[in-house]
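Overview (structure and organization)
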Amino acid sequence: MSHSLARQATMQSFFNCYLRETGKFEVIDDNSGRKDLYRPVLKDSPVGKAIRCPLPRHRLEILAPLRYRSETQRHLFAFPFRYRSLSSESWLFLDYITLVALVVKELAIERDIDDIPEDLVERVIQSCGHIQTYIQARKGDEKALYHPEFHFLDAEQSLIFGHLLHPTPKSRQGLSEREQAAYSPELKGACPLYYFRAHPSIVREDSTWDATATRLVKDELLSDPEISGEFKKTYCGDDDDSILPVHPQQAAHLLRQPRIREWINRGLLEDLGIQGRAWYATSSLRTLYHPDARFMLKGSVNIKITNSLRLNKQKEMERGVEVSRMMKTRIGEEMKQAFPDFHIIEDPAYLTLEDPEREESGFEVAIRENPFRGREGDCVTLIAGLCQDPLPGEQSRLARLITTLAKKEGRTTQEVSLDWFHRYLDRSLEPLMWLYLTYGVALEAHQQNSLVKLKEGYPHRFFYRDNQGYYYCQSTFPQLQRIFPGIDGKGETRCEDHVADERLRYYFFLNHLMGLINGFGTAGLAEEESLLEQLRQRLQRLLPHNREPSRLLESLLSDEQLPCKANLLTRLHDMDELVGPMESQSVYVRVINPIVKGVKERDLEHAGNGTRR
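This is a predicted model, so every value here is computed, not measured.

What counts and what doesn't
Residues numbered from 1 in each chain as written. Predicted model: local features only at pLDDT ≥ 70, side-chain atom pairs only at ≥ 80, totals over all residues. Heavy atoms only, no water. 1 Å grid on protein atoms, 1.4 Å probe; cavity = no way out; pocket = protein on both sides within 12 Å on 5 of 7 lines; lining within 4 Å. Points joined across faces, edges and corners; volume = space filled by probe spheres on them. Helix = DSSP H or I, 4+ residues; strand = E, 2+ residues; numbered from the N terminus. Nonpolar A, V, L, I, M, F, W, Y, C, P; charged D, E, K, R; others polar. Pairing = 2+ DSSP bridges. Buried < 20%, exposed > 50% of the residue type's maximum accessible area, 1.4 Å probe, protein only. Domains from an automatic or database assignment. Contact = heavy atoms within 4.5 Å. Buried area = accessible area lost by both parts, 1.4 Å probe. Polar contact = N/O pair within 3.5 Å; in protein donor to acceptor, adjacent residues only side chain to side chain.

Notes on empty space enclosed by the protein
Taken as a whole, this structure holds seven cavities of 30 Å³ or more when the rule is applied. The calculated volume of the largest cavity comes to roughly 90 Å³. At the level of elements, β10 (242-246) and β13 (295-299) are the ones that each hand at least two residues to the lining of the largest cavity. With three residues, the single largest contributor to the lining of the largest cavity is β13. Considering only residue class, the lining of the largest cavity consists of seven nonpolar, five polar and three charged. Lining the second largest cavity are Leu193, Tyr195, Val217, Glu220, Leu221, Asp224, Pro245, Arg277, Trp279, Phe295 and Leu297.

Dropping the structure here:
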């Protein structure tokens, strides 16, 4: 079962990417003509519809039966898919490798790419294999995956299928099978850290907390019951040397570098090896958590995950500390007063070594506050964990929450969903837009770095985490400078307003909110159109607060198409999203705006029924 489920999940995410990013398809049903040709496939669809996708450069067409047609453009499919040559009326079953090979070749020809990107095909196959492993490993673990009572760590380690609109959601290049088992959150990975002692002459650090980064790490080691007394006495005193925690996968990579061996030989760096208790992998794999620790640790790993090699940049270290300082200005105070249920999880300190020949040494580690210590982590989930497609016979965590509430309150799931979404927008949309419209600070709040704490099943607090995902608008930058002199000295966070518009629109609206709305729809909890309408009304109420030259609100409410990050095309061109100027780190294409499309289609339907809104 895990074999076929993994392949179907791979086909679904890959094909949805292609459809969304190219728009080259049509929805057909029994009224579409050629009934004799399409009926054998349409009968596999529980809704009597299918996606017809032509591949003109191959003179082929693909027909995929629909199980759920989505206004937010992430459809669910029934299997099998079929394809045929335009010169034949015979359908062939379409497997996932053939689908990927055909689509990649079609895109390469269309875009004049001479070298077929074999690496993309390999990563799709690798991702599929990993999904199969995760399904097998988590069989029988439905409580941790979907139960409405859960802990932060359960949610962080629940993403079996990963990003639902990515062609290679679980590709990880650079991990052995043994490392997969130890480090993957989907396999409940946990590992003790590797430590180095460094002379202060090569250390670079900063902190906004009540202690230096060096002292914070030493104090954490002192509180670890699995660290020996001898180690604590020798290495955790008040001397000036620093102790650097490193992910063991990255440590193995660093120890192979001649420059690191030179530091060790010169006595500037001491290899202390694996020490202490195990830290747990969160959804990003490289950010590590322990329920008793004061902070989390976000380190580098020499692994290419989805689109990018996951190495911390020095500018990201500086950016995290800078945002922590900004939260201590009137901006943070006003935000807390106006939106007490909104919280930016800060990265208030970092620790690394200075390499005179490189901007980054590979030791960069961000110290992230941990608001989820012990029972404080109860009922905290990343949004991706709520919306993740369930295994067969199960309900998503979101579906279990809403159906439980509906039964308890004697209401329909549609009514509860609308109420739940309303409370969620209060705690996410409103503060995020206040920060952007008032101060021009945009947060890259996608599904994986946005979290919600639930209380009695409903949204209670919203959390944002990410030292990479901040943007300062050029037009409001003078205002930020007056409030916070020296801002953006090292973080490289400033950008033109249209770039900030683009990133906030994609990450928060198209990725995050559309993904959440899709989660309600695919689970049969509520009509997507009603949630889109609720979102549209909220955006309209924000119009009096609009700030020029931003077109964010105008575009969301009026433009029929919006720029959207194209994960498949970004992978096709082998672009690393964490490298290069922020304006050109990914491929963006124009896609259907569900907020406008849903309203227009409903108006047409009402007009056809002789009614008016």
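Points about the sheet that holds strand β14 (residues 304-305)
Sheets are built from strands paired through backbone hydrogen bonds, the pairs being either parallel or antiparallel. Here we have three strands laid out as an open sheet, ordered β7-β14-β15, and antiparallel in their pairing. Among the strands making up the open sheet, the edge pair consists of β7 (172-173) and β15 (308-309). Two strands pair when backbone bridges link them, and β7 and β14 are joined in this way by two bridges, in the antiparallel orientation. Within β14, the position partnered with Arg172 by the bridge is Ile305.

Thoughts on the pairing of strand β3 (residues 60-68)
The element β3 is extensively covered by neighbouring structure, given that eight of its nine residues are classed as buried. Relative to β3, strand β2 (residues 50-55) is paired through six bridges, and the arrangement is antiparallel. Residue pairing across strands places Pro54 opposite Glu61, the latter belonging to β3. Two successive antiparallel strands, β2 and β3, enclose a turn made up of four residues, where Arg59 displays a positive phi of approximately 55°. In terms of strand pairing, β3 meets strand β5 (residues 81-85) through four bridges, oriented antiparallel.

Notes on the domain arrangement of the chain
By convention, interface size is frequently given as the accessible area that disappears when the constituent parts associate. For the chain, the domain assignment lists domain 1 (1-134), domain 2 (172-305 + 311-369) and domain 3 (380-610). Computed over C-alpha atoms, the centres of domain 1 and domain 3 are 27 Å apart. In this assembly, 23 residues from domain 1 lie in contact with 27 residues from domain 3. A combined buried area of about 2300 Å² lies between domain 1 and domain 3, and 57% of that area is made up of carbon and sulfur atoms. When the buried surface of domain 1 facing domain 3 is broken down by residue, Arg20, Glu21 and Glu71 rank first, second and third, together holding 32% of it. Here domain 1 and domain 3 share 13 residue pairs in polar contact (both at pLDDT 80 or more) between them. Mapped onto the side of domain 1 that touches domain 3, the elements with two or more residues apiece are α1 (2-22), α3 (96-110) and α4 (118-138). For the side of domain 1 that touches domain 3, the leading source of residues is α1, giving seven residues. For the side of domain 1 that touches domain 3, the class distribution of residues is 12 nonpolar, four polar and seven charged.

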